[in-house]
Amino acid sequence: MAKIQMKNAIAELDGDEMTRVLWAVIKEKLLEPFIDLKTEYYDLGLKNRDNTDDKVTYDSAAAIKRLKVGVKCATITSNAARVKEYNLKQLTRSPNGIIREELDGTVFRTPIFVNNIHCSVNCWKKPIVLGRHAYGDVYKNCEMKVDGPGKAELVFTGADGKEIRKTIQEMKGPGILQGIHNMDSSIESFARCCFSYALDQKIDCWFGTKDTISKTYDGNFKAIFQRVYDEEFKDKFEKAGIEYFYTLIDDAVARIMKSEGGMLWACKNYDGDVMSDMIASACGSLAMMTSILVSPNGEFEYEASHGTVQKHYYRYQAGEKTSTNPVALIFAWTGALAKRAELDGTPELADFARKLEKATLDVIESGEMTGDLARLAEPKAKKILNSWEFIDAIAAKL
């Protein structure tokens, strides 16, 4: 059988641990037999990032900008334990944080629905798209621990040398301090990405902050969203029959839990980190969610929304074939291939991506699945497969 041709390459960002193992199996069994796969390969494994002082991460972000499409495996963000385990020179930054910062992007995450895996929130009938701001806040913070009493101050020194100084707290004893920031330009990009994505998907856009408490910081998010909507999207939304809805973040959570879904929920960076996992878990599994980083310049990075599955990797190293769910990794590839096809005008590549997604879901709906889904399936799973068996079943269906 002649392989499907690609006009242009995708930036391929390899990762760590169990997801790295399955990444290679997916390419071998589900992609390379059918596609003349063109990628620019970047090894974002933890040790290689440390060896290159994160140059490989910045290079991969530059490749996504140049090629317009990237696909990323899950990666480790190091902590003290990882420094020791991998014999690292230093604590490395989050590669996702670097790439999001370089692309000025917004992350959109959507649950993958299958008929025999039901949401634990039974009123959700449609997928909730989670739009997560991908810059600043606690992910680019400055923090310190102080050992005794003193005055904590927030100081801004302007380019003209003038200072703005505010007292955070008169510390009466030991404590901790944290400084966070954001940029108007990044918030504007976030708003435009969310409104554009909602318009493209023809779904309402919801946004929530805590502006009643954080009157300046969160209030700025609220004001910028409203301005961008009024100036650039209000007429387009009205013509499309969709709406923009703002409320406090706690009210947004309460409303989401009682909704039927089907909206784009825009969240600040930390809120989006937490709430996307909540939505994924309530819909079945963290491995059943797509994740797309969209830049305002039309660059796209598709990734798995979960971690590297560390415990399964240790079992794999001990010789066990684990039942790790590879669906999010597969859908990262199909999303990237479909976007490459859209940009290049190659409908046969787009058709393949759709068929691979359908084959993946058909296997699950036939009653054959990995262990995480088998615990949730209704009717009960007919067969629990390890990851290799599950990928082979998809290949056979494909």
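Here's a quick rundown of the structure. (Residues numbered from 1 in each chain as written. Predicted model: local features only at pLDDT ≥ 70, side-chain atom pairs only at ≥ 80, totals over all residues. Heavy atoms only, no water.)

**Observations concerning the overall build of the protein chain**
- From N to C terminus, the protein chain includes 14 helices and 16 strands.
- Computed over the C-alpha atoms, the radius of gyration of the protein chain is 22 Å, within 12% of the 21 Å expected from 2.2 N^0.38 for a compact globule of 398 residues.
- By its C-alpha atoms, the protein chain is 70 × 55 × 45 Å across when sized along the principal axes.
- The burial tally for the protein chain puts 52% of its 398 residues in the buried class.
- Summarising the internal contacts of the protein chain: among those between residues at least 6 apart in sequence, 77% fall at separations of at least 24.
- Carbon together with sulfur atoms contributes 52% to the accessible area of the protein chain, which is approximately 18700 Å² in total.
- Put simply, the protein chain has 54 plus and 58 minus side-chain charges, and the middle of one group is 2 Å from the middle of the other. (Helix = DSSP H or I, 4+ residues; strand = E, 2+ residues; numbered from the N terminus. Rg over C-alpha atoms; globule rule 2.2 N^0.38 Å. Buried < 20%, exposed > 50% of the residue type's maximum accessible area, 1.4 Å probe, protein only. Contact = heavy atoms within 4.5 Å. Areas by Shrake-Rupley, 256 points an atom, 1.4 Å probe, with all protein chains shown as cover. Lys, Arg positive; Asp, Glu negative; His and termini not counted. Charge placed at Lys NZ, Arg CZ, Asp CG, Glu CD.)

**Structural notes on the nonpolar core**
- Membership of the largest hydrophobic core comes to 83 residues, with the highest contact counts inside it found for Phe 195, Phe 237, Leu 264 and Leu 337.
- Here this core gets ten residues from one element, more than from any other, and that element is helix α11 (residues 327-344).
- Sequence-distant contacts of Leu 337, that is, excluding residues within four places in its chain, are made with Met 6, Ile 10, Leu 31, Ile 35, Leu 37, Leu 349, Phe 352 and Ala 353.
- With 18 residues, the next largest nonpolar core counts Cys 119, Ile 249, Cys 267 and Met 289 among its residues. (Core = buried A, V, L, I, M, F, W, Y, C linked by side-chain atoms within 4.5 Å.)

**Let's talk about the layout of surface pockets**
- The computed volume of the largest pocket comes to approximately 1000 Å³.
- Along the wall of the largest pocket there are 27 residues; nearest its centre are Leu 154, Gly 179, Ile 180, His 181 and Tyr 217.
- At the level of secondary structure, the elements contributing two or more residues to the lining of the largest pocket comprise β7 (150-157), β8 (163-171), β9 (175-179), α6 (184-201), α7 (217-240) and α9 (269-282).
- Looking at the lining of the largest pocket, the element that brings in the most residues is β8, giving five residues.
- Looking at the lining of the largest pocket residue by residue, the class counts come to twelve nonpolar, eight polar and seven charged.
- Its boundaries defined by the atoms lining it, the second largest pocket holds a volume of some 870 Å³.
- Forming the walls of the second largest pocket are 35 residues, and the residues nearest its centre are Tyr 197, Asp 200, Gln 201, Ile 292 and Tyr 302.
- Elements that contribute at least two residues to the lining of the second largest pocket include exactly β4 (106-111), α6, β13 (289-294), β14 (300-304), α11 and α12 (347-365).
- Its residues placed into classes, the lining of the second largest pocket shows 19 nonpolar, eight polar and eight charged. (1 Å grid on protein atoms, 1.4 Å probe; cavity = no way out; pocket = protein on both sides within 12 Å on 5 of 7 lines; lining within 4 Å. Points joined across faces, edges and corners; volume = space filled by probe spheres on them. Nonpolar A, V, L, I, M, F, W, Y, C, P; charged D, E, K, R; others polar.)

All we've got here are geometric facts, nothing functional implied.
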